Amino acid sequence: GFYPSPQHNKTSKREYDDEEFVYKPKKVKTEHDKKAKKRKHEDKLFFSSGNYTTDKDINSYYICHICPFSWVVFLLFVVIRWEEERSTDGSKWRFLEHKGPVFAPLYEPMPDKVKFYYDGKPMKLSAPAEEVATFFAKMLDHEYTTKDIFRKNFFKDWRKEMTSEEKTKITDLNKCNFSEMNEYFKAQSEARKQMSKEEKQKIKEENERLLQEYGFCLMDNHKERIGNFRIEPPGLFRGRGDHPKMGMLKRRIRPEDIIINCSKDSKHPKPPPGTKWKEVRHDNKVTWLASWTENIQGSIKYIMLNPSSRIKGEKDWQKYETARRLKKCVDRIRTQYRDDWKSKEMRIRQRAVALYFIDKLALRAGNEKEEGETADTVGCCSLRVEHIKLYPKMDEQEYVVEFDFLGKDSIRYYNKIPVEKRVFKNLQLFLENKQPEDDLFDRLNTSILNKHLQELMDGLTAKVFRTYNASITLQQQLKELACPDDSLPAKILSYNRANRAVAILCNHQRAPPKTFEKSMQNLQTKIDEKQNQLSAARKQLKAAKADHKASHDDKSKKAVELKRKAIQRIEEQLMKLQVQATDREENKQIALGTSKLNYLDPRISVAWCKKWDVPIEKIYNKTQREKFAWAIDMAEKDYEF
DNA sequence: CCGCTGACTTGACCTGATGTGG
DNA sequence: CCACATCAGGTCAAGTCAGCGG
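A quick note: this is a predicted structure, and the numbers were derived from the prediction, not measured.

**A look at the packing of aromatic side chains**
Enumeration over the complete set of coordinates arrives at 26 aromatic pairs. Relative to phenylalanine 150, the ring of phenylalanine 136 has its centre 6.3 Å away and its plane inclined at 40°; by these criteria the two rings are tilted. Of the two residues, phenylalanine 136 sits in helix α5 (residues 127–138) while phenylalanine 150 sits in helix α6 (residues 148–161), which places them 14 residues apart along the sequence. Phenylalanine 136 gets classed as buried once you look at its relative accessible area, which sits at 3%. Look at phenylalanine 150 and you get buried, because its relative accessible area is 0%. In textbook terms, an aromatic cluster arises when at least three aromatic residues are bridged by ring pairs, as seen for Tyr337, Trp341, Tyr356, Phe357, Phe403, Phe405, Tyr413, Phe430 and Phe441. For the cation-ring pair, lysine 138 lies above phenylalanine 185, with the distance from its terminal atom to the ring centre recorded as 4.8 Å. One residue, lysine 223, lies across the ring of phenylalanine 216, its end atom 4.6 Å from the ring centre.

**Re the environment of glutamate 224**
Mapping glutamate 224 onto the fold places it in strand β6 (residues 222–225). Glutamate 224 sits 415 residues away from tyrosine 639 along the chain, and the two C-alpha atoms are 29 Å apart. At a separation of 3.1 Å, a polar atom in the side chain of glutamate 224 contacts the main-chain amide nitrogen of arginine 310.

**Some details on the pairing of β6**
Of the strand pairs in this sheet, strand β5 (residues 216–219) and β6 are connected by four bridges, and their pairing is antiparallel. From the neighbouring strand, cysteine 217 faces β6, where its bridge partner is glutamate 224.

**So, the UniProt feature "coiled-coil region" (unreviewed entry) in chain A**
UniProt records the feature "coiled-coil region" (unreviewed entry) at residues 186–213 and 520–587, using the numbering of this structure. Annotated as 93% helix and 0% strand, the span residues 186–213 places its first and last C-alpha atoms 31 Å apart.

The rules behind each value
- Residues numbered from 1 in each chain as written.
- Chains lettered and ligands numbered in written order.
- Predicted model: local features only at pLDDT ≥ 70, side-chain atom pairs only at ≥ 80, totals over all residues.
- Heavy atoms only, no water.
- Phe/Tyr/Trp six-rings, centres within 6.5 Å; stacked < 30°, edge-to-face > 60°.
- Helix = DSSP H or I, 4+ residues; strand = E, 2+ residues; numbered from the N terminus.
- Buried < 20%, exposed > 50% of the residue type's maximum accessible area, 1.4 Å probe, protein only.
- Lys NZ or Arg CZ within 6 Å of the ring centre and 35° of its normal.
- Polar contact = N/O pair within 3.5 Å; in protein donor to acceptor, adjacent residues only side chain to side chain.
- Pairing = 2+ DSSP bridges.
- UniProt positions renumbered as here; feature names shortened; annotations may be inferred.

If you want it as structure tokens, here you go:
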């Protein structure tokens, strides 16, 4: 039959390899690579030699403009040499100097009057046990602490911190009473809010000092902002969704856990007195400044630069260039995967249908995950039979597929879409003889898919489709929604709507704000008031007109004009409110931030602002403008993604 | 291949700061 | 000026993807 039984998997996979080899001779690939490399290189030059500036860059920017010719030549020379170096050996920087991370504040024991009770009796805990207890006490109001797994994991890890006496005594979490501790912390945070202006100012200044000292590094002659210079404090692990490790103790990170990365010829960061770094290395093939291994999943955490930094900006820019290259060949790729739906090989059909979903629905790739280590979530390649339902007919539509699964961060993806008949028939085939918990695409994984994509276009991976489809959707929507005569608020509403279309495509959700209903009501009240105001003003105008008709004097004429203006103003205010209400209502469960920050080519937005005369501040706040400085500098009003 | 690890991007949520209207 | 709502920024979990060694 067409569908090979599982034991044939191996043979089939080997066939796949042989065939790929024939399909894509090495020689062709090298040619292709060379061209791509050249293009990449040219683009990079444009990026670096363009008016790309940040605050730190401002000197060279100005000098460049005062004496354009010599500086352009000089900078080009430096840039070319450096680009040459970077493109050949993959190094990310030449010089890197920083002060190392800031550690979490040490534990301050509870005041004696704040008691912990076990089985109704007060009990003084040893410092280590008490510290862990406070982590739990702080979360008492959170739903987490009612969950069985959370409590079980917490208790297990807590016991590890106890003295043997405590261990024998404390055997049941249900008999533990943390409420005094909890109240103490609440009072503390209340007190913090009640602090005087001066005290608050003092804290602010101290934070600023810390930022100035540790928040920046020197990378290749630029002072760059560090993204996260503070080490994560100890606490209880909060996974998302049904995480099997929720409640486990995230241990305190010490200097001995930290690997420092900086250049050899830099002033190395000093560990706190009496401590040592785990290691100091000089690896310029990576961008991080410090790293440590986290104890819950055993994964590595990093200290890296802020999005406004050259190294992040360049990477971001590169990402959008890859997506633009996809734009040029997406038709070809679509034709091919549609063709592949008819393939006589199962693995190719599965690959083609999966790619169709990724393209059409902007699904994530879906790597396999270790079972029991994380929440059970899926992406495209890891979809299981239980996640889709097929309806040959639904309402008016034919061949409807219903998706219902938990994606990244355990956010539910629910969608019903009509698909082409061929896709539908293929899906029926993939489902044959399978159990609900079996993989839908049993002959496919992200590695196979990405290898295939790599052959279709240099640098193409599954996530590029998300970037491409997000950006192209924004561009199209902006074109459709734009109306030159619109007022500024209306233009911004159009922009937000375009942004929203993307957020919906990418399934970027948020919990509706807690005060949503109320704030909506407030807004409605305001609108009603404005409307009353408006009708009152209209009546007044009518009266003024009548007055003018009767007297025909200058004074009454002026009064009419005044009333007209008043109405106009009120109308504007009303419109603004209505726009605001629409925007907010439509935005109830949708988060715009993620797509704005990660998926939309900022040059589209910048160009749109220039074209319609919208101040960039209306679209991007300060942080965002810093992150997208390169795009703000680069894009003109006719920019096409 | 194949699983594992490292590096880096993407993501929702939380909190303190700030703006706004009464 | 205060109460409240909103927002920016920070936090850190959870993805993607490449490369490596067996």
